[in-house]
Amino acid sequence: MKTVFDTSALISLETVELLSHAMKISEIIVTEEIKTELESMSLFADKEGQAAQRVLEKIRDKKILVEKSNPNTLLISSSNVHSGEKSAFAYCVEKNVQVFVCDDIDAGATLEELSAKHGIKIKLSVAVIVELVKANLISKTSAFKAVKQMAKIREWEGGALEYLAEKHLKQI
């Protein structure tokens, strides 16, 4: 199965060292804009910058595919959807990829109608963690620990993403 990821979801999974596991259940695709965002993030010495460096290593090793897309394929004028997300979602539409993993709630909500129209499922990185449990690649305990750690590193504590993460975890 092919899955397009945005920067936020890649970073979220890599900060808790689960991106490599996700690569076992799906072919991960990013756009050139996402790669550029990762390169910018990799300049920082914090945990997210270090995660971006590791994702770029996976790209260099051709474990994650980088593809071109035309963000102008869709007329998305909302400031809630940034250039990387636009390019990634446009790639899904252009190439009929049915799953887009994005941890930006505002972007996801803005793209909801378009995603329904084009048959694209927008998922959070936590949904990928749930799939890893279902595929027996990680334990439930590991999933709960990873999400708790992710919430702390990504500063989701007390916010909508933490609430949605807990909701997803109830599925396992």
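Up top is the structure these notes are about.
Residues numbered from 1 in each chain as written. Predicted model: local features only at pLDDT ≥ 70, side-chain atom pairs only at ≥ 80, totals over all residues. Heavy atoms only, no water.

Asks: What am I meant to see in the pattern of salt bridges here?
Replies: Any two side chains of opposite charge can pair, on the condition that their charged atoms come close. Evaluation of the coordinates by the stated rule reveals 5 salt bridges. The shortest N-O distance in the salt bridge between lysine 58 and glutamate 14 comes to 3.3 Å. Taken together, the residues span a long stretch of sequence, with lysine 58 in helix H4 (residues 47–60) and glutamate 14 in helix H1 (residues 7–15) at a distance of 44 residues. Accessibility assignment for this pair places lysine 58 and glutamate 14 in one class, buried. Between lysine 35 and glutamate 39 there is a salt bridge, with the nearest N and O atoms lying 3.9 Å from each other. You can see lysine 35 and its partner glutamate 39 sitting in helix H3 (residues 32–41), 4 residues apart, about one turn around the helix. (Salt bridge = Lys/Arg side-chain N within 4 Å of Asp/Glu carboxyl O. Helix = DSSP H or I, 4+ residues; strand = E, 2+ residues; numbered from the N terminus. Buried < 20%, exposed > 50% of the residue type's maximum accessible area, 1.4 Å probe, protein only.)

Asks: Whenever I open this one, the nonpolar core confuses me. Can you help?
Replies: As a rule of thumb, nonpolar side chains are buried together in soluble globular proteins. In terms of nonpolar packing, the biggest core is built from 38 residues, with Phe5, Leu10, Leu13 and Leu38 touching the most fellow members. The element best represented in this core is helix H7 (residues 125–134), accounting for 6 residues. Those residues in contact with leucine 10 that sit more than four places away from it in its chain are Phe5, Leu19, Ile28, Val30, Ile34, Leu38, Val55 and Ile64. In this structure, Ile76, Ala88, Val97 and Cys102 belong to the second largest nonpolar core, which totals 14 residues. (Core = buried A, V, L, I, M, F, W, Y, C linked by side-chain atoms within 4.5 Å. Contact = heavy atoms within 4.5 Å.)

In short, geometric facts, not functional conclusions.
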